[in-house]
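Here's the letter readout for the chains.
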Amino acid sequence: MGHAWWQEKIAYQIYPKSFCDSNGDGIGDLPGICSKLDYLKDLGVDLLWVSPVYPSPMVDQGYDIADYRAIAPCFGTMGDLERLIQELKERDMHLIMDLVVNHCSSQHPWFQEAVRNPEGKYGKYFYLKEGKDGQPPNNWRAEFGGSCWERLPGSSLYYFHTFAKEQPDLNWENPEVRQEICDMVNWWLDKGVSGFRLDAIVNIKKDLRFLDGPPDAPGGTCDVSKMLPQDAGIAPFLNQLKQVCFAPRDAFTVGEVCGVRQDRLREFGGPEGYFSTLFDFDHCMTTYAGPFWHQRKPFDFKLWRGTVFQSQKNAGTEVFLSNILENHDQPRCASTYLLETDYSFYSVTALATVSLLLRGIPFLYQGQEIGMRNSRFARIEDFDDLSTRDQYQAAVKAGLTPEQALASCNRTSRDNARTPMPWSGGENAGFTSGTPWLPVNPDYQEINVEADAMRPQSVRGYYKKLLALRKDPAWMDVLIYGALQPAFQEADRLFAYYRTSETGGKRILVLCNFCPEETVISFAQPFGVLLDNYGSFERQNEQIRLKGYQAVVLRCNV
Ligand code: GLC
Ligand code: CA
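This structure is a prediction, so every number in the text was calculated from the model and none was measured.

Cut-off values and rules
Residues numbered from 1 in each chain as written. Chains lettered and ligands numbered in written order. Predicted model: local features only at pLDDT ≥ 70, side-chain atom pairs only at ≥ 80, totals over all residues. Heavy atoms only, no water. 1 Å grid on protein atoms, 1.4 Å probe; cavity = no way out; pocket = protein on both sides within 12 Å on 5 of 7 lines; lining within 4 Å. Points joined across faces, edges and corners; volume = space filled by probe spheres on them. Helix = DSSP H or I, 4+ residues; strand = E, 2+ residues; numbered from the N terminus. Nonpolar A, V, L, I, M, F, W, Y, C, P; charged D, E, K, R; others polar. Donors = N, O, S within 2.8 Å, 3.2 Å for Na, K, Ca; no water. Buried < 20%, exposed > 50% of the residue type's maximum accessible area, 1.4 Å probe, protein only. Core = buried A, V, L, I, M, F, W, Y, C linked by side-chain atoms within 4.5 Å. Contact = heavy atoms within 4.5 Å. Pairing = 2+ DSSP bridges. Axes fitted to C-alpha atoms, helices over the stretch in contact; angles between N-to-C directions. Phe/Tyr/Trp six-rings, centres within 6.5 Å; stacked < 30°, edge-to-face > 60°. Lys NZ or Arg CZ within 6 Å of the ring centre and 35° of its normal. Near = heavy atom within 4 Å. Polar contact = N/O pair within 3.5 Å; in protein donor to acceptor, adjacent residues only side chain to side chain. Areas by Shrake-Rupley, 256 points an atom, 1.4 Å probe, with all protein chains shown as cover.

(A) Inspection of the layout of surface pockets at higher detail. For the second largest pocket, the calculated volume is near 740 Å³. What lines the second largest pocket is a set of 27 residues, among which Ser335, Thr336, Leu338, Tyr343 and Arg411 lie closest to the centre. Mapped by element, the contributors of at least two residues to the lining of the second largest pocket are helix 9 (333-337) and helix 12 (402-412). Considering every element that reaches the lining of the second largest pocket, the biggest residue donor is helix 12, with four residues. Split into classes, the residues belonging to the lining of the second largest pocket amount to 10 nonpolar, eight polar and nine charged.

Encoded structure:
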């Protein structure tokens, strides 16, 4: 596989509302992002994925877009965005926009026109259907609760929505819709955007029979995601985007794809695939025990490790995955993968080590680099996220007490990742001079960028070293392009793997003791140390003694 321009890059996701507020209105904005580019460059970041900044009623925090070619005033102006692109270029960095085209906002003029005249041109931009016996056309349950079908105001027709009712799905079967989207994508690329993260992209193809699905919840509804067709029907849509937009401009694309079957991975993310790379979410699902948040299992280390390795194996050296520990839809990784009693510099850097040296592109999420943890929400009203409120109701309906339902939301809510970035221990964590739109994490005096930098053991400092190692020209053929082989899988609490260069001439062992107790392992090969979160470890004859959550990166002689 030839090397693409983006393969050696490190990506970082910004949730713009919560990153940095420049004007005191409590909402992060584009000038705020511009003011932190040196911070990001210094960390080692190259690609900046910014979650949606388009005009939106913010029902789903910008993932409900009312105008694809403008900037929401709360984030700034188009001039600010152009300045961001320019300032990134000056630093040899790139802007990756969020492309949300499975659906738009019900405030988008296309939908407004469809409501005004369902029989006209814009009625065909959406899925409009008659109901069945006064009920919605089928039993599909939307991602954020309720039926996937909502009455079109003033009509007997229903329109389809995968997510909230304020997010009507666009009808990709309609060539005019596809043309509009391609024109818009090229318009952004011509502006200097380097690529896109493609939101909910497998949802764009529906099974047009719209048959009832097998009920999986009280009330006889069926999770809409189970009804996605798995056939080749999506191919023409994605090929059009690729051929008309991405390929001619050599854009970087990363698909938000859940549940793509292994036999289709290459089709989506291989050298000739629709996208440059695909997020690997499989390991994020290992705590799920059903379609609802209250149906969660405790974190199971071996299952998690095995799932990461399985994804790596499925991807092989053909598909270049995008590896995450966090994003704006997940709780904080420290809280998910570590016991509260185990939180420390060592444990969060151990997590970082095993994830960032996997094969693929690391995507960091804002605040991950200082080891942020979940927030605390005392009442259900304190959450902003619509899906959290829906999951709370689902939990109460299933018989949980309000306290249990609240605890489940605290553990799982997307708002855990959406609290403002804590830049300092000062007022509002240095995020804003006004009132933050979502309260800052109550632990911000302990966990913030300034405090982290003052510590002899800075989490961000370790991330910097890790990213620098990944980019070290001496090790790129191993850490970027090399294959991955699991190691020490028989050990209960070791997360270990080899990376080997394409020629087989260089080998690295990533070795992490993922528990608070000491572990001794037998390792006879000669090696040198490239990175170590403790700074030293004991090595006797053919044994290595690792302390609790010690992570080391070893250069092996081959
Ligand atoms: C994606 C986004 C999520 C959003 C949903 C609907 O999953 O990551 O935040 O709510 O799509 O657009
Ligand atoms: Ca602002």
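Moving on from the coordinates now.
(B) A look at the coordination of the calcium ion (ligand 2). Looking at the calcium ion (ligand 2), one finds its protein donor set to be Asp21 (OD), Asn23 (OD1), Asp25 (OD), Ile27 (O) and Asp29 (OD), positioned 2.3 Å from the metal centre. Take aspartate 25: its relative accessible area is 37%, and that puts it in the partly exposed class. For aspartate 29, a relative accessible area of 3% puts it in the buried group.

(C) Summary view of the nonpolar core. Grouped together as the largest cluster of nonpolar side chains are 145 residues, with contacts concentrated most on Tyr12, Leu40, Leu48, Val185, Phe196, Leu241 and Trp304. Not counting the four nearest positions on each side in its chain, leucine 40 is found in contact with Tyr12, Ile14, Phe19, Val45, Leu48 and Met93. Tyr498, Phe523, Val552 and Cys556 belong to the second-largest nonpolar core, a separate cluster that totals 16 residues.

(D) Layout of the sheet that holds strand 17 (residues 519-522). Pairing within the open sheet is antiparallel, and its three strands lie in the order 17-20-19. Two strands close off the open sheet at either side, each with one partner strand: strand 17 and strand 19 (538-540). Sheet twist, expressed as the average angle between the axes of neighbouring strands with direction ignored, equals 20°. Bridge count between strand 17 and strand 20 (residues 543-546): four bridges; the pairing is antiparallel. Within the sheet, the bridge partner assigned to serine 522 lies in strand 20 and is glutamine 543.

(E) Focus on the packing of aromatic side chains. Within this structure, the stated rule accounts for 48 aromatic pairs. Here phenylalanine 279 and phenylalanine 281 contribute two aromatic rings whose centre-to-centre distance is 5.5 Å and whose plane-to-plane angle is 35°, an arrangement assigned as tilted. Per residue, the accessibility class of phenylalanine 279 equals that of phenylalanine 281, and both read buried. Across the ring face of phenylalanine 527, the terminal group of arginine 539 is positioned such that the distance to the ring centre comes to 3.8 Å.

(F) Structural context of unusual backbone geometry. The phi dihedral of glutamine 61 falls on the positive side, at around 50°, and the residue is not glycine. Looking at the secondary structure, you find glutamine 61 in the loop between strand 2 (47-50) and helix 3 (78-90).

(G) Spatial organisation of the environment of valine 202. Here valine 202 is to be found in the loop between strand 8 (195-198) and strand 9 (222-223). Expressed as a C-alpha distance, the spacing of valine 202 and serine 225, which sit 23 residues apart in the sequence, is 9.6 Å.

(H) Local environment of the site of ligand 1. By nearness alone, 13 residues border ligand 1, and Asp60, Arg197, Asp199, Glu256 and Asp329 come closest of all. In this structure, an oxygen atom belonging to ligand 1 sits 2.9 Å away from a side-chain N or O atom of arginine 197. Contact between ligand 1 and histidine 328: an oxygen atom at 2.9 Å from a side-chain N or O atom of the residue. Considered on its own, ligand 1 offers 310 Å² of accessible surface; in the complex 96% of this is hidden by protein. A per-class count over the shell around ligand 1 returns three nonpolar, three polar and seven charged.

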